[in-house]
Amino acid sequence: MKIYDFLIIGAGSAGCNSASYLQKRGFSVAVADKEGVASGGSGAAGAFLSPLAGVQNSYNSFINSALEYSLDFYEKMAPSEIVKNGVLRVANDNFGTTKLKTNNIKNRYINTKELKDISQNFANIDGYFYENAAILNPYNVCKKLIEKCDFYYYGVDELKYENGSYIFDGFMAKNVILAQGVIKPIVSTPYIKIAPIFGVKIDVKTTTKVPFNIHKSISVSTNKNDSTISIGATKERHDATEMECLTSCDKCAFYVNSEQGQVEELLREARELIELENIEVSKIYRGARATIKSYFPVIGKVIDYDESIKKYPSIKNGTKIPPELLTYFPNLYIINALGSRGFVVAPLLAKLLCEEILDSKKIPQELSSEKLFYKMARAKL
Ligand SMILES: Cc1cc2nc3c(=O)[nH]c(=O)nc-3n(C[C@H](O)[C@H](O)[C@H](O)COP(=O)(O)OP(=O)(O)OC[C@H]3O[C@@H](n4cnc5c(N)ncnc54)[C@H](O)[C@@H]3O)c2cc1C
């Protein structure tokens, strides 16, 4: 039976970037997905690569350094799948003019007249232009990332670990990385509380030239290589504890009969930014992205919460137990909660996770699974 160095469960942005990094470092890698490549949140993604403005803080610093890393990464890895024309950020209720003005990312204010000079189709808007922004084809990028890995169209229901390897139908793996997005994890990780946020993207044929990406509460893309544009937004949140979250929102009862309204809403909001002529909606995508309360993604070893607490019940009273004494599932790792910028952050996260696994480099605290473990263990009930 074939034994891989790594099995990655989940072929979205998180899993495919992890697989690619490991494969390039010389390891044998298999990727398994129950629905196919980029069929979860990643398939529905814009996928816009945009900076995060605002007064500098640890979160937007992380996002903006991840953006620099990922733009360079994708431009080298898949130059034909990325269009880098920049983004115009238009103020909205969450992101007002003050926030857009007060940041240290290079930008240029463009007033309404200047925008109309660029294209008569712009509505009466103004905004801040950031050069370092792009859109990519999420499906083709994920496919390319794993082209040198073995892909299994396969749902993993449980993990069986024997004699140093995990055993699956027809193959084995020495290490496993969980990259499951919003789907219920196959081992218990109660300290990683994922909230699914749902969204819709449409591909639209239009005769209008959109010079760059435009972002307000929704995102409108520049014309991609096939000349279509994408319009997308993730907004809706529903309590997933009441129903199982499926990979594809097309199968979810929450969305039954909601399609038409969502598409019309996207087109209406797009028209408030730019007039799109001769439109035809060519494809509709729906999906959910995974987010946790801190907004930071999470990477690291998978801690066995129950066993660790059983071993050191005094953690709950604040006793400091160092991470190396906790109980971990053997050779099991996680990369998840990529949030609204999953394609922006995944290349850097994959690198950080794999460097911890292969080179024992420490993961930045704000991203680590251990931080979430201690937070839950010490929470006052
Ligand atoms: C509508 C929408 C628009 C978005 N727009 C952008 C954007 O413009 N820019 C951006 O950077 N990000 C965007 N995002 C966010 C981004 O898509 C996500 O953060 C990212 O794709 C998450 O990737 P992932 O690999 O963690 O999860 P997913 O892509 O959801 O992948 C998880 C995969 O795991 C598989 N899986 C789960 N459990 C199992 C199992 N037991 N066995 C086998 N397979 C399993 C699933 O089938 C799924 O394919 C958007 C998201 C949505 C929904």
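## Some remarks on helix 9 (residues 342-359)
- Helix length check: helix 9, at 18 residues, gives a terminal C-alpha distance of 24 Å against a target of 26 Å (1.5 Å per residue), a fit within 8%.
- Residue leucine 348 marks the point of greatest curvature in helix 9, where the axis turns by about 25°.
- Of all 18 residues in helix 9, 15 are buried, a share of seventy percent or more.
- Taken from the residues just after helix 9, serine 360 is the one with a positive phi, measuring 55°.

## What to know about the packing of helix 3 (residues 58-77) against helix 6 (residues 138-145)
- Put simply, helix 3 and helix 6 touch, their axes get as near as 11 Å, and they point 75° apart. Considering their axes alone, helix 3 and helix 6 lie roughly perpendicular with respect to each other. Here Phe73, Tyr74 and Met77 of helix 3 come into contact with helix 6, specifically with Val141, Lys144 and Leu145.
- Residues belonging to the contact of helix 3 with helix 6 are distributed by class as follows: 5 nonpolar, no polar and 1 charged.

## Here we look at the site of the ligand
- Around the ligand, 40 residues are found, and the nearest of them are Asp33, Ser42, Phe48, Val156 and Gly339.
- Note that an oxygen atom of the ligand is positioned 3.5 Å from one of the backbone N or O atoms of valine 344.
- A total of 1000 Å² of accessible area belongs to the ligand in isolation, and the protein chains cover 96% of it.
- For the shell around the ligand, the secondary structure elements donating two or more residues are helix 1 (13-24), strand 2 (29-33), helix 2 (41-44), strand 13 (195-205), strand 17 (280-291) and helix 9.
- Broken down by class, the residue content of the shell around the ligand amounts to 17 nonpolar, 18 polar and 5 charged.
- Formed jointly, the shell around the ligand draws a minimum of three residues from each of two domains, domain 1 (2-40 + 140-182 + 293-377) and domain 2 (49-136 + 195-289).

## Regarding the domain arrangement of the chain
- Partitioning the chain into structural domains gives domain 1 (2-40 + 140-182 + 293-377) and domain 2 (49-136 + 195-289).
- Contacts between the two partners involve 25 residues from domain 1 and, on the opposite side, 26 residues from domain 2.
- Buried area between domain 1 and domain 2, summed over both chains or domains, comes out near 2400 Å², and the portion from carbon and sulfur atoms is 69%.
- Interface area lost by domain 1 to domain 2 is led by Val182, Arg341 and Val344, which between them contribute 26%.
- For the interface between domain 1 and domain 2, the tally reads 0 salt bridges.
- Viewed at the interface, domain 2 and domain 1 are joined by 5 residue pairs in polar contact (both at pLDDT 80 or more).
- Counting residues per element, the ones that place at least two in the side of domain 1 that touches domain 2 are helix 1, helix 6 and helix 9.
- Residues that form the side of domain 1 that touches domain 2 fall into these classes: 13 nonpolar, 6 polar and 6 charged.

## Brief notes about the packing of aromatic side chains
- If you walk through the whole model with that rule in mind, you get 20 aromatic pairs.
- Note on phenylalanine 122 and phenylalanine 212: the rings are 5.8 Å apart at their centroids and 25° apart in plane angle, and the pair reads as stacked. Linking phenylalanine 122 in the loop between helix 5 (112-118) and strand 7 (127-130) with phenylalanine 212 in the loop between strand 13 and strand 14 (213-215), this pair joins segments that are 90 residues apart in sequence.
- Between the aromatic rings of phenylalanine 373 and tyrosine 374, the centroid separation amounts to 5.4 Å while the plane-to-plane angle is 75°, which identifies the pairing as edge-to-face. Just as phenylalanine 373 is buried, tyrosine 374 falls in that class too.
- Here a set of aromatic residues connected by ring pairs shows up, and it is made of Tyr4, Tyr152, Tyr154, Phe168 and Phe171.
- The ring of phenylalanine 95 carries the charged tip of lysine 99 above its face, separated from the ring centre by 4.5 Å.
- Sitting over the ring of tyrosine 328, lysine 301 keeps its end group 5.2 Å from the ring centre.

## A short note on the sheet that holds strand 8 (residues 134-136)
- Taken in spatial order, the 3 strands of this open sheet run 3-8-4, and their pairing is antiparallel. Two strands close off the open sheet at either side, each with one partner strand: strand 3 (48-49) and strand 4 (82-83).
- Taken together, the 2 bridges between strand 4 and strand 8 define a ladder with antiparallel strand orientation. Each bridged residue has a counterpart across the sheet, and for valine 83 the counterpart in strand 8 is isoleucine 135.

Rules and cut-offs
Residues numbered from 1 in each chain as written. Predicted model: local features only at pLDDT ≥ 70, side-chain atom pairs only at ≥ 80, totals over all residues. Heavy atoms only, no water. Helix = DSSP H or I, 4+ residues; strand = E, 2+ residues; numbered from the N terminus. Expected span 1.5 Å × (residues − 1). Bend = angle between axes of the 7 residues up to and from the residue. Buried < 20%, exposed > 50% of the residue type's maximum accessible area, 1.4 Å probe, protein only. Axes fitted to C-alpha atoms, helices over the stretch in contact; angles between N-to-C directions. Parallel < 35°, antiparallel > 145°, perpendicular 65-115°, else oblique. Contact = heavy atoms within 4.5 Å. Nonpolar A, V, L, I, M, F, W, Y, C, P; charged D, E, K, R; others polar. Near = heavy atom within 4 Å. Polar contact = N/O pair within 3.5 Å; in protein donor to acceptor, adjacent residues only side chain to side chain. Areas by Shrake-Rupley, 256 points an atom, 1.4 Å probe, with all protein chains shown as cover. Domains from an automatic or database assignment. Buried area = accessible area lost by both parts, 1.4 Å probe. Salt bridge = Lys/Arg side-chain N within 4 Å of Asp/Glu carboxyl O. Phe/Tyr/Trp six-rings, centres within 6.5 Å; stacked < 30°, edge-to-face > 60°. Lys NZ or Arg CZ within 6 Å of the ring centre and 35° of its normal. Pairing = 2+ DSSP bridges.

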